[in-house]
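# Overview (structure and organization)
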Number of protein chains: 2
Amino acid sequence: MDLPNNTIDRVCRIFGCLESLEERQVDFVSSKDLAQAIGTTNDTIRKDISLLGVTGYTRKGYSVVSLKKELGQTLKLDKKRKACIVGLGRLGTALLDYERFKQDGFEIVAGFDNSINKLERIKTHIDVFAISEMENIIAQKSIELGIITVPANNAQEVADELIKAGVSGILNFSPEKIVVPKEIIYLDMDFTSALRFIAARFITNKLRKSRVA
Amino acid sequence: MDLPNNTIDRVCRIFGCLESLEERQVDFVSSKDLAQAIGTTNDTIRKDISLLGVTGYTRKGYSVVSLKKELGQTLKLDKKRKACIVGLGRLGTALLDYERFKQDGFEIVAGFDNSINKLERIKTHIDVFAISEMENIIAQKSIELGIITVPANNAQEVADELIKAGVSGILNFSPEKIVVPKEIIYLDMDFTSALRFIAARFITNKLRKSRVA
DNA sequence: TTGTATCTGTGAAATAAATCACGGATATAT
DNA sequence: ATATATCCGTGATTTATTTCACAGATACAA
Ligand SMILES: NC(=O)c1ccc[n+]([C@@H]2O[C@H](COP(=O)([O-])OP(=O)(O)OC[C@H]3O[C@@H](n4cnc5c(N)ncnc54)[C@H](O)[C@@H]3O)[C@@H](O)[C@H]2O)c1
Ligand SMILES: NC(=O)c1ccc[n+]([C@@H]2O[C@H](COP(=O)([O-])OP(=O)(O)OC[C@H]3O[C@@H](n4cnc5c(N)ncnc54)[C@H](O)[C@@H]3O)[C@@H](O)[C@H]2O)c1
């Protein structure tokens, strides 16, 4: 399949909205509501959804349950995926215990750190390991996603190890940019860039649009 | 000024690269290097930079120092801005003490929580306040940016209060989408959406492109 | 039952963005 | 000194994405 990049981004956000609508037992949602929630127009939402081949109901909108199901199936967002966190400092341990990930289909099944000290002190119900065990554990547990929360200086080396160990996707929380082979799906969660994006828009007063993390 | 949205996003990321290049005392950087770092092509980088009116040097690239200075001035990324964090739980306290923000020009000058208990127990050098004081403190300290780290259920109410108190930009870490008036610059840092974006790209094998947070 | 206000679905048109392609410069090597 | 490999700058071109516009549908109100 070949979807616009922006569509993929929006669909992932839409999926999150659907999740919360489903919880609140809302039956139908209009393109307009979704548009407002994720910051775009109803035209765009309808186009996105129609690209995915899902149809709604006149005068009612989309069935929350079945839209979620369809989007989930098409983009395999319904598939459970395993992830690990590398770097168990302040941010890494917060993420380790963030239960929401599991509910959203991403199960954190391992944490890694290179400090034995840290490893001994951490209290969490997730298994934590020395960095030297990474390759084994990732293979053994079939971990697909690596989340990087080590200091900036170590981000590239950790990325290289994760890739060597076999992950397919990387989410990087360090402020340092990482270079990966093109078959690896990689995304930065750079908080400073996000704040800068907001600040820059104070100047260039354009309409809000979704921004791919 | 009226820059493409994507350009703004990329420039913010480029700015981060320049920061680290500057630290490492690198004098020049090519469009190709920057492209690789942020995941795009050299054409696009050159176009972006030329839209900002900055020029480089044949056969050498761009002067790291002066490119950073120019981008900083044009998009006011060099201006120091004050921010506050609302919700001092696991994530909020980690962000509160994240020194890098200050170095990047975003100074966290206040934290807010509605639990007196939490407020008393927190140890940090940043001033923390009860939520009831928010309006006063934000005005008094001229805080422009609000960072939301409260549970999803409370995100909208906190956003409303932040806006009422006068912030111009909001960065939301809760998974719940928030609706804001269009003059407020707003961005989600939705970790689950980011993981989904990666997962979705396992399926739709497109080239990596930058994704606006 | 009849109107009317919504909503979707979708080609067409308009915008926006990315690529291409190549001229002009100039470090660097020989 | 000359050749060569880079690297920028930028119109032109192509591609991608959004927006428009309007034809169905149909819930809902009167
Ligand atoms: N703390 C925040 O709020 C925050 C916010 C945004 C970004 N970040 C970024 O996230 C990353 C982590 O931040 P933090 O505050 O948690 O830092 P931290 O120093 O508290 O934690 C880093 C952890 O990584 C471990 N580590 C270092 N090198 C390693 C390696 N090679 N292999 C495995 N583990 C290694 C350390 O032992 C430590 O436990 C940093 O890059 C930081 O810039 C943090
Ligand atoms: N912990 C993580 O790693 C993580 C990761 C991604 C997203 N998030 C999101 O970030 C948010 C915070 O997560 P957390 O784990 O830190 O939660 P937490 O429960 O540890 O902290 C939430 C804090 O917000 C305060 N609070 C609640 N309602 C408030 C209100 N109306 N006004 C002011 N303060 C209020 C609480 O007292 C508490 O201190 C949540 O929305 C969560 O989904 C967290």
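Our subject in this report is the structure included herewith. (Residues numbered from 1 in each chain as written. Chains lettered and ligands numbered in written order. Predicted model: local features only at pLDDT ≥ 70, side-chain atom pairs only at ≥ 80, totals over all residues. Heavy atoms only, no water.)

## Quick word on the interface of chain A and chain B
Note the threshold: Any pair of residues with heavy atoms lying within 4.5 Å of one another is described as a contacting pair. Put simply, buried area is the surface a 1.4 Å probe can reach on two separate parts but cannot reach once they are joined, added for both. In what follows, salt bridge is the name for a side-chain nitrogen of Lys or Arg lying within 4 Å of a carboxyl oxygen of Asp or Glu. Counted as a polar contact is a pair of N or O atoms within 3.5 Å, where, for protein atoms, one must be capable of donating a hydrogen and the other of accepting one, and residues adjacent in sequence contribute only when both atoms are in side chains. Only runs of H or I of at least four residues qualify as helices and only runs of E of at least two qualify as strands under DSSP, and these elements are numbered from the N terminus.
On the chain B side, the residues contacting the 76 residues of chain A number 77 residues. Of the roughly 7000 Å² buried where chain A meets chain B, counting both sides, 68% is carbon and sulfur surface. Connecting chain A to chain B are six salt bridges. A salt bridge links Glu19 of chain A to Arg196 of chain B; its shortest N-O distance comes to 3.0 Å. Counting the contacts that link chain A with chain B gives 10 residue pairs in polar contact (both at pLDDT 80 or more). Counting residues per element, the side of chain A that touches chain B draws most heavily on helix α10 (residues 191–203) of chain A, at 13 residues.

## Here's the deal with the site of ligand 2
Just so we agree on the cut-off: To be near a molecule or strand, a residue needs just one of its heavy atoms within 4 Å of it. Note on areas: Shrake-Rupley with a 1.4 Å probe; residue coverage comes only from the protein chains shown.
Near ligand 2, the surroundings consist of 24 residues, among which Tyr98 of chain A together with Leu91, Asp113, Lys118 and Val150 of chain B are the closest. Around ligand 2, the neighbouring residues derive from chains A and B rather than from a single chain. Side-chain polar atom of Tyr98 of chain A to an oxygen atom of ligand 2: 2.6 Å apart, as the coordinates give it. Side-chain polar atom of Lys118 of chain B to an oxygen atom of ligand 2: 2.8 Å apart, as the coordinates give it. In isolation ligand 2 exposes 820 Å². Once the protein is present, 85% of that is buried. Elements supplying a minimum of two residues to the shell around ligand 2: α5 (90–96) of chain A together with α5 (90–96) and α9 (152–165) of chain B. The dominant element in the shell around ligand 2, judged by the number of residues it contributes, is α9 of chain B, at four residues.

## Brief notes about the site of ligand 1
Near ligand 1 there are 25 residues, and of these Leu91, Asp113, Lys118 and Val150 of chain A together with Tyr98 of chain B occur at the shortest range. In this structure ligand 1 sits where residues from chains A and B come together. A distance of 3.3 Å separates a nitrogen atom of ligand 1 from a polar side-chain atom of Glu157 of chain A. Between ligand 1 and Ala94 of chain B, the relevant distance is 3.1 Å, taken from an oxygen atom to a main-chain nitrogen or oxygen of the residue. Contact with the protein chains hides 85% of the accessible area of ligand 1, taken as 820 Å² for the molecule alone.

## Description of the protein's contact with DNA strand C
To keep things clear, this is the line we draw: In this count, Pro and Cys sit with the nonpolar residues alongside Ala, Val, Leu, Ile, Met, Phe, Trp and Tyr, while Asp, Glu, Lys and Arg are called charged and the others, Gly among them, polar.
Near DNA strand C you find 22 residues, and of these Ser31, Thr55 and Gly56 of chain A together with Thr58 and Arg59 of chain B are the closest. Sugar and phosphate atoms form 52% of the subset of DNA strand C atoms that lie within 4 Å of the protein. Here Gly56 of chain A contributes a backbone N or O atom positioned 2.5 Å from a phosphate oxygen of DNA strand C. Looking at the surface near DNA strand C, the elements with two or more residues in it are α3 (42–51) of chain A together with α1 (5–23) and α3 (42–51) of chain B. Here the surface near DNA strand C gets four residues from one element, more than from any other, and that element is α3 of chain B. Counted by class, the surface near DNA strand C contains three nonpolar, 11 polar and eight charged residues.

## Looking at the sheet that holds strand β7 (residues 169–172) of chain B
Sheet strands associate in pairs through backbone hydrogen bonding, adopting either a parallel or an antiparallel arrangement. Residues and elements named next belong to chain B. This is how it is decided: What makes two strands pair is DSSP finding at least two bridges between them. Note on geometry: axes are C-alpha line fits, over the in-contact stretch for helices, and angles between N-to-C directions span 0 to 180 degrees.
Overall, parallel pairing links the six strands, which are arranged β5-β4-β3-β6-β7-β8 in an open sheet. A single partner strand is all that each edge strand has here, and the edge strands are β5 (128–130) and β8 (185–188). Between one strand axis and the next, the sheet turns through 25° on average, direction left out of account. Pairing of strand β4 (residues 106–113) with β5 involves three bridges; the strand directions are parallel. Across the sheet, residue Phe112 finds its bridge partner in β5, namely Phe129.

## Remarks on the protein's contact with DNA strand D
Close to DNA strand D lie 24 residues, the nearest being Arg10 and Thr58 of chain A together with Ser31, Gly56 and Arg59 of chain B. At the protein interface, 56% of the atoms of DNA strand D within 4 Å belong to sugar or phosphate. Note that a base nitrogen of DNA strand D is positioned 2.8 Å from one of the side-chain N or O atoms of Arg46 of chain B. Within the backbone of Gly56 of chain B, an N or O atom sits 2.5 Å from a phosphate oxygen of DNA strand D. Looking at the surface near DNA strand D, the elements with two or more residues in it are α1 (5–23) and α3 of chain A together with α3 of chain B. Among the elements that make up the surface near DNA strand D, the one with the highest residue count is α3 of chain A (four residues). Considering only residue class, the surface near DNA strand D consists of three nonpolar, 11 polar and 10 charged.

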